[in-house]
Amino acid sequence: MAAMLVKRGALFHGYTCSSLFHSHFLLFSTNSEPKRPFIPSSSTTHPQLQQLLYEKSKVGFNKLDDALEVFDKMLQIKPLLPVMKFTQLLTALVRMKEYSVAVSMFREMRLLNIPVDIVTFTTAIHSCCHLNTLDYAFSLLAGIIKSGWVPDVYTYNTLIKGLLSQDRPLEAEHLFRKLIRFRDIQPDVAMYNTIIDGLCKTSNTSMALKLLRKMEKLGCKPDAITYNSIVDSLCKERRVDNALDLVSVMTHKGISPNVITYNRLLQGLCISSRWEDIEPLLTEMGVQKIPPDLHTYNILVDAHCKEGRTKDAQDVIEIMIEKSVPPDVITYNTLMDGFCLTGKMDRALEVLNTMRSNEIWPDCYSYTILINGYCKRHELDEAINLLRQMPVEGLQPDVETYNTIIHGLFQMGRHAEVHNLFHEMLKQGNKPDIVTCRILLDGLFKNRYIDEAISLFRMMECKDTVHDIQVHTIAIDGLCKNGKLNEARKIFDKLASRGLQPNVITHNIMIRGLCQGGLFEEAKILLSKMETSGCLPDDVTYNTIIRGSLLNKRYEEAVVLIENMQAHNFSVDASTTSMVVDLLPKEEQKEHEEQDPAVLAFAKWFLQ
DNA sequence: CTAGGGTTAG
């Protein structure tokens, strides 16, 4: 569980209601006000309400106004209706994702002294969690206790889930441990599932597996949800065989995999490019009588597209329509992306029309995909046309759209337009994200605006908002490539003290920089540090250091490095090979006898 | 008719 602590910024604040006033302020100052005031209308009679409630309970509360109308009428009734009726209304709002209205209504109920109970409180807490007002959620927890109720497993699970969804896993863990330690509640499957999912989402799969065993030992039977979280996590870590094993374990224990299990496995096979294993799994789904759903088909469409088989992807869509699983906007976006990937922009645009004629309306992402397609083809004017088309279609470009087009402009050296678009993006109220930071920094370096790049990086450093290894890697790369090796080294050396873990790409960039700057010894030291650290070298690392050794005329060491690489089951890449070939004397040079014998010896050894 | 209304996975 301790490994959950890796998530940054998760300081333990405690669970008091000290911030009650602050939370109230938040509630009033945001859009949490009801859509209209709760002024009870007159001349409502009880039977009328019963009729309304009866009707609504059959068709559900479709509109927000329905719920508000019912609330008004409910308030009229004397004697007061059972709390449950009010809770049902709150739940209806939650189902409509009208969380702020739900919270306001709850507050109204409290002001009117409607005697809410633990279920009502929990529903209100659930709404707060969706509104990012966790402080208020915890003040409601205090409110529960003050009202003489006892928070139960539902209440705490809602809060834990809220903490996790707010990226506060440390506090979620604390709360969970506290509950167990003080035996406040007996965790049930749902609570274990919440924690296990939290562990999985913070890449603590082994911890999740431990907790799975622990819950079983404590007599809490895991269900499909428990296993699916872990299966998903294993697949994302490309441990799809472990995922498959876990599924056979669950089946053995009498817990049947469901469509979500199979979808996660299919996705896992796709991530690991194990196309040959997909067909058997689909067959097994058929045997188990689990029909594929929309997600299954979307995974298949994506897999075909990723492999460039857009025809097969289209066939899958045909099958979907046949089987009455109508494609959605994701299906069509995936197919469009497939066409963009192969540069077939006309086909991608056809898909856009197909989806419109099927009354599936393109979203912002549809346009981003197309814009990305044009950027890849270096057709920036087409991309900009599409960007301008979006508002006409009632779509507002988002950060991702702007990131895509800014990246494209930089690639084409259209630096001046980047500035315009960046300011447009800010004016539209889009906050730059970490990807924007990376694109800007990289673009400035690659377009040789070195001073601008450096000052941008310094700004990011000062603000400390950009606590991101990729941004630092980009800066190191940019500095190395522009003859500022020492500044690059300074940043690299400071990474650990900033709590940033250099990854294999960071290392490869630094090693290449060192080799090209003639600091081969230092590059070798860095490689050996990698071999003993958690960041294992990959084929790029070995090829980089080998090219470095050749560049620095260390032919004996090149032999050792190549053998070392082959011992690690990596092979020499094309770039390294051509470098060796270049070492050989050219035909026209053959008569000259200046060739270094060590070079010849090495090249002969390599080519034998 | 003694529950009903609230928690967890893509």
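As the structure is a computational prediction, the values presented were derived from the model and not from experiment. (Residues numbered from 1 in each chain as written. Chains lettered and ligands numbered in written order. Predicted model: local features only at pLDDT ≥ 70, side-chain atom pairs only at ≥ 80, totals over all residues.)

A.B. asks: Provide a residue-level description of the domain arrangement of chain A, including the pertinent values.
C.D. replies: Split into domains, chain A comes out as domain 1 (433–502) and domain 2 (513–586 + 594–608). Computed over C-alpha atoms only, the centres of domain 1 and domain 2 are separated by 27 Å. (Domains from an automatic or database assignment.)

A.B. asks: Which residues make up the protein's contact with DNA strand B, and what values do they have?
C.D. replies: Near DNA strand B you find 38 residues, and of these Y154, N157, A190, N193 and H295 are the closest. Where the surface near DNA strand B is concerned, the elements lending two or more residues are α4 (83–95), α6 (118–130), α8 (153–165), α10 (189–201), α12 (224–236) and α14 (259–271). Along the lines of polarity and charge, the residues of the surface near DNA strand B split into 14 nonpolar, 17 polar and seven charged. (Near = placed C-beta within 6 Å. Helix = DSSP H or I, 4+ residues; strand = E, 2+ residues; numbered from the N terminus. Nonpolar A, V, L, I, M, F, W, Y, C, P; charged D, E, K, R; others polar.)

A.B. asks: Could you give an account of α14, naming the residues involved and the relevant values?
C.D. replies: An α-helix turns once every 3.6 residues. As a result, residues three or four positions apart point the same way. Compared with an ideal rise of 1.5 Å per residue, which puts 13 residues at 18 Å, α14 spans 18 Å between its outermost C-alpha atoms and is within 8% of the ideal. Of all 13 residues in α14, 10 are buried, a share of seventy percent or more. When α14 is considered as a whole, its buried residues turn out to be T261, Y262, N263, R264, L265, L266, Q267, G268, L269 and C270. Where α14 is buried, its residues contact α12, α13 (240–252), α15 (278–287) and α16 (294–306). Directly after α14, the chain includes S273, whose backbone phi takes a positive value near 55 degrees. (Expected span 1.5 Å × (residues − 1). Buried ≥ 20, exposed ≤ 12 C-beta atoms within 10 Å, placed from the backbone. Contact = placed C-beta atoms within 7 Å.)

A.B. asks: So what about the environment of D442? Which residues, and what values?
C.D. replies: Residue placement: D442 occurs in helix α24 (residues 434–446). The buried category is assigned to D442, around which 20 C-beta atoms lie within 10 Å.

A.B. asks: Outline the packing of helix α3 (residues 64–76) against α4, supporting the account with residue identities and numerical values.
C.D. replies: To characterise two packed helices, one gives the angle between the axes of the helices and the distance between these axes. In the contact formed by α3 and α4, the axes pass within 10 Å of each other and the chain directions differ by 165 degrees. With respect to each other, α3 and α4 are oriented roughly antiparallel. In this structure, α3 crosses over α4, and the sense of that crossing is left-handed. Residue-level inspection shows A67, V70, F71 and M74 of α3 in contact with α4, the latter providing K85, F86, L89, A92 and L93. (Axes fitted to C-alpha atoms, helices over the stretch in contact; angles between N-to-C directions. Parallel < 35°, antiparallel > 145°, perpendicular 65-115°, else oblique. Left-handed = near helix turned anticlockwise from the far one by under 90°.)

A.B. asks: Can you explain the environment of I255? Please cite residues and give values.
C.D. replies: As for its placement among the helices and strands, I255 is situated in the loop between α13 and α14. Along the sequence, I255 and P222 sit 33 residues apart, while their C-alpha atoms lie 8.4 Å from each other. If near-sequence neighbours (up to four positions away) are discounted, I255 is found in contact with P222, D223, A224, Y227 and M250.

A.B. asks: I'd like to hear about helix α28 (residues 504–516), residue by residue, with values.
C.D. replies: With 13 residues, α28 extends 18 Å from end C-alpha to end C-alpha; this agrees with the ideal 18 Å at 1.5 Å per step. Within α28, 10 of the 13 residues are buried, which leaves it mostly tucked inside the rest of the structure. By the burial criterion, the buried members of α28 are T506, H507, N508, I509, M510, I511, R512, G513, L514 and C515. Contact partners of the buried residues in α28: α26 (469–481), α27 (485–494), α29 (520–532) and α30 (539–551).

A.B. asks: Give a description of the packing of helix α21 (residues 380–392) against helix α22 (residues 399–411) that names residues and reports values.
C.D. replies: At their nearest, the axes of α21 and α22 sit 10 Å apart, and the two run at 160 degrees to each other. Here α21 is positioned roughly antiparallel relative to α22, judged by the angle of their axes. Like other packed secondary-structure pairs, α21 and α22 cross with a definite hand, here left-handed. For the pair formed by α21 and α22, the contact residues are L380, A383, I384 and L387 on the first element and T401, I405, G408 and L409 on the second. Looking at the contact of α21 with α22, its residues break down into six nonpolar, two polar and no charged.

A.B. asks: Before we move on, could you go through the nonpolar core and cite the residues and values that matter?
C.D. replies: Ranked by size, the top nonpolar core spans 139 residues in total, and within it A137, I160 and L441 carry the most contacts. In terms of domain composition, this core takes at least three residues from each of domain 1 (433–502) and domain 2 (513–586 + 594–608). Discounting residues that sit within four places of it in the chain, A137 has contacts with I125, C128, C129, L159 and G162. (Core = buried A, V, L, I, M, F, W, Y, C linked by C-beta atoms within 7 Å.)

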